[in-house]
Amino acid sequence: MSDFGKVLNTIGEFGLFQKLLLLALCFPNLIMPFHFASLIFVQSDPDRRCNTDWILRKGPNLTTEEQLNLTLPREQDGALSRCLMFVPVDWDIDTIRAYGLNETTGCQNGWVYDKTMYEATIVTDFDLACQNVDFVKVAQSVLMAGILLGSLLFGPFAESFGRKRANQIPVVLMFIFTVTTGLCPNFYLYSASHFMVGVGYGGFRVNCILLATEWVGVTKRSYGTCMTQIFGASGQCILAGLVYFIRDWRLAQWVTAAPLAVVAMYIWFIPESARWLMDRGRAEEGKLLILKVAAVNRCTVPDSLLENMAQERPVEKGGVKSLIKSPVLRKYFSILTLAWFSLNLSFYSLTFNVGSFGLDIFLTQLIFGLTELPAHVICIWLLEVVGRKLSLMGTLLFGGLLCILTLAVPQGTAIAVTILATAGRVFMNCAGSICNIYVQELFPTSFRQTASGLGAIATRIAGLLAPSLNMLAVFHWAIPTVVFSSLSMVGGALVFLLPETRRTELPDSMDEAEGKR
């Protein structure tokens, strides 16, 4: 197994097979941002007021302006209340005009929503307004909880049942429950269905990079990680246009499901990881698969290498116990997990807060996607030239610094805040790509995906905490930014203790992994 790098050198480190596999695994990442970033749109809370049509029975010829003035109280700033109305009375319209109404109550007959920006969101369909407004935050947390469970389940699943199945099942889950989410008649079914979408999302994200990485040679390994992020950034750009033209959240769900149906069909034809097959003692299966790959890449495998691959090797047990027993790998895992947690807390806090930067929400979302495309291309160059260690340190430290600098900008300066927040988010996104490849190169094949799955759990916990962290802004607007920026800089500083893994073979045993100092 330590010679698998020689196998890749022989059959092609980045030939036609690897390019097709990478494309197949990256394409879903073009669609997956719809599930996550669409929360910003489908859960948007439009302008609203209480439904006060009761007064039209008293005065059917009232103008809209007069109706609102008679039935809705005003806030301190003079604006009509969004959540209160005057209690209906049995008086005639002339008496109401003469004496007015004084006693207020909550909206008794639902709300009237402004449809200037959206035709329908879950807020308007499920009446998540006023006293129910916190359910929007619940919806965000439900999706993140699903992603967390998906990462937890499908990380160890890939170790036991293979990388192939761990990619196929999540895609099918995403497709089925994307469709059912658009059909849900109430918030509770919506939450349950969206939770299952999150399970599929988390399972695929944690496994697609691994399968690509184990088939790509050392000189092109960074492509396996960064290309998934490039497709994800492209998906964000498409998302902004999609929601701009399709402003009904149910229709947007079904449009998202259409390309997922294509993925759910072709995903059954992707190959297994030969590295995993050989690590599990299934050398003959791995050998046959390598021969097929060599044929696709138009390469010839020497007989001596085939004989060496055909030898059965003892299976090295992995799992969490192996991670706990090794002090070296425990240190690596703790540092990398903190870095992963901090960068994702920053990323999700900025993403969930996109509507408060002051610019048009569609424009801000488009800027987020467009700036990430060149950033991930640069990230490939950084990984190959600068290395993993310095790249991760730099992106976390600079990203955290840029985020905290938003506090120095006067409130209300929308352009400056958006520029700094976008730049900080780009650095955090690049740091995520580096963590994804770093975790593959630090841990052996026997529990590489377990380590990756556990690390991904930290990122999902960060996603769960991000909405709650943003809510601390009610005490002081700077608290969320100070917290996630500081954590990112601390995580970046601790990365100094990790080894450099650029241009090294993936470790296939505990001894190889612990020897990387």
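Residues numbered from 1 in each chain as written. Predicted model: local features only at pLDDT ≥ 70, side-chain atom pairs only at ≥ 80, totals over all residues. Heavy atoms only, no water.

Chemist: I'd love a proper account of the overall build of the chain, names of residues and values included.
Modeler: Scanning the chain from terminus to terminus reveals 22 helices and four strands. A principal-axis box enclosing the C-alpha atoms of the chain has dimensions of 100 × 45 × 35 Å. Considering the chain as a whole, with its 517 residues, one finds that 58% of them fall into the buried category. A total of about 21,000 Å² of accessible surface is found on the chain, and carbon and sulfur atoms cover 64% of it. Within the chain, the 39 negative side-chain charges are centred at a point lying 8 Å from the centre of the 40 positive side-chain charges. (Helix = DSSP H or I, 4+ residues; strand = E, 2+ residues; numbered from the N terminus. Buried < 20%, exposed > 50% of the residue type's maximum accessible area, 1.4 Å probe, protein only. Areas by Shrake-Rupley, 256 points an atom, 1.4 Å probe, with all protein chains shown as cover. Lys, Arg positive; Asp, Glu negative; His and termini not counted. Charge placed at Lys NZ, Arg CZ, Asp CG, Glu CD.)

Chemist: How would you summarise the pattern of salt bridges if you had to cite specific residues and measurements?
Modeler: Throughout the structure, instances matching the rule amount to 12 salt bridges. In this structure, arginine 97 and glutamate 66 form a salt bridge, with 2.8 Å as the shortest nitrogen-oxygen distance. Of this pair, arginine 97 sits in helix α5 (residues 93-99) while glutamate 66 sits in helix α4 (residues 64-71), and the two are 31 residues apart along the sequence. Given a relative accessible area of 43%, arginine 97 falls into the partly exposed group. Taken together, the shared-partner salt bridges connect Arg221, Glu384, Arg388, Glu441 and Arg503 into one network. (Salt bridge = Lys/Arg side-chain N within 4 Å of Asp/Glu carboxyl O.)

Chemist: Help me get a handle on the side chain of arginine 49, residues and values and all.
Modeler: One can find arginine 49 in strand β1 (residues 48-50). Despite its burial, arginine 49 pairs with no opposite charge, the nearest such side chain being aspartate 53 at 5.3 Å. Non-local contacts of arginine 49, meaning those with residues more than four positions away in its chain, are made with Gln67, Leu68, Leu72, Ser81, Arg82, Gly110, Trp111 and Val112. (Contact = heavy atoms within 4.5 Å.)

Chemist: Let's hear about the packing of aromatic side chains: which residues, and what values?
Modeler: Inspection of every chain in the model, using the stated rule, returns 12 aromatic pairs. The interplanar angle of 40° and the centroid separation of 5.5 Å between the aromatic rings of phenylalanine 14 and tyrosine 223 together place this pair among those described as tilted. Residue phenylalanine 14 is located in the loop between α1 (4-11) and α2 (16-37), and its partner tyrosine 223 is located in helix α10 (residues 221-245); the two are separated by 209 residues in the primary sequence. On the numbers, 5.0 Å between centres and 75° between planes, the contact of phenylalanine 17 with tryptophan 215 is edge-to-face. Here phenylalanine 17 is found in helix α2, whereas its partner tryptophan 215 is found in the loop between α9 (187-213) and α10, with 198 residues between them in sequence. As far as burial versus exposure is concerned, phenylalanine 17 and tryptophan 215 are alike and both buried. Linked through ring pairs, Phe126, Phe135, Phe187, Tyr188, Tyr190 and Trp249 together constitute an aromatic cluster. Directly above the ring of phenylalanine 496 sits lysine 389, whose terminal nitrogen or CZ lies 4.6 Å from the centroid. (Phe/Tyr/Trp six-rings, centres within 6.5 Å; stacked < 30°, edge-to-face > 60°. Lys NZ or Arg CZ within 6 Å of the ring centre and 35° of its normal.)

Chemist: Report on α9, specifying residues and quantitative values.
Modeler: The first and last C-alpha atoms of α9 sit 39 Å apart over 27 residues, in line with the 39 Å expected at 1.5 Å per residue. Across the 27 residues that make up α9, a large majority, 22, are buried. Here α9 starts with a cap whose side-chain oxygen sits 3.1 Å from the backbone nitrogen of tyrosine 188, and that cap is asparagine 186. (Expected span 1.5 Å × (residues − 1). Polar contact = N/O pair within 3.5 Å; in protein donor to acceptor, adjacent residues only side chain to side chain.)

Chemist: Give me the nonpolar core: which residues, what numbers.
Modeler: Membership of the largest hydrophobic core comes to 96 residues, with the highest contact counts inside it found for Ile11, Trp215, Leu392 and Phe443. With 14 residues, the top contributor of residues to this core is helix α16 (residues 327-352). With residues near it in sequence (within four places) discarded, isoleucine 11 still touches Trp215, Ile290, Val293, Ala294, Asn297, Cys299 and Val301. Grouped together as the second largest cluster of nonpolar side chains are 29 residues, Leu62, Leu72, Phe86 and Ile93 included. (Core = buried A, V, L, I, M, F, W, Y, C linked by side-chain atoms within 4.5 Å.)

Chemist: Any chance you could break down α1 for me, citing the residues and the numbers?
Modeler: Every buried residue of α1 is accounted for by Phe4, Gly5, Val7, Leu8 and Ile11. Axial view of α1: buried residues confined to an arc of 155°, hence all on one face. Immediately downstream of α1, the backbone of glycine 12 shows phi near 110°, a positive value. (Arc of directions from axis to C-beta.)

Chemist: Explain the packing of helix α8 (residues 163-181) against α9 to me, using residue names and the numbers behind them.
Modeler: Between α8 and α9, whose axes approach to 7 Å, the crossing angle comes to 155°. Classed by the angle they form, the pair α8 and α9 counts as roughly antiparallel. The handedness of the crossing between α8 and α9 is left-handed. Residues of the contact of α8 with α9, tallied by class, amount to 15 nonpolar, nine polar and one charged. (Axes fitted to C-alpha atoms, helices over the stretch in contact; angles between N-to-C directions. Parallel < 35°, antiparallel > 145°, perpendicular 65-115°, else oblique. Left-handed = near helix turned anticlockwise from the far one by under 90°. Nonpolar A, V, L, I, M, F, W, Y, C, P; charged D, E, K, R; others polar.)

Chemist: Go over unusual backbone geometry with me, naming the residues and quoting the values.
Modeler: Its identity is not glycine, yet aspartate 127 carries a phi of approximately 55°, on the positive side. With respect to the helices, strands and loops of the structure, aspartate 127 is situated in the loop between α6 (122-126) and α7 (134-161). Positive phi, normally seen in glycine, also occurs at arginine 503, with a value near 60°. Inspection of the secondary structure assignment puts arginine 503 in the loop between α21 (479-494) and α22 (510-514). Note on arginine 503: relative accessible area 47%, which makes it partly exposed.

Chemist: An account of the side chain of serine 452 is requested, with residue identities and associated values reported.
Modeler: Topologically, serine 452 is positioned in helix α20 (residues 448-471). Contacts of serine 452, omitting those with residues within four sequence positions, involve Val206, Trp340, Val439 and Gln440.

Chemist: Hey, could you go over the confidence of the model for the chain for me, with residue numbers and the actual values?
Modeler: Put simply, the chain has an average pLDDT of 84, and 91% of its residues get 70 or more. Across the chain, element-level confidence peaks in α8 with a mean pLDDT of 94 and bottoms out in helix α3 (residues 39-42) with 58. (pLDDT = per-residue confidence, 0-100.)

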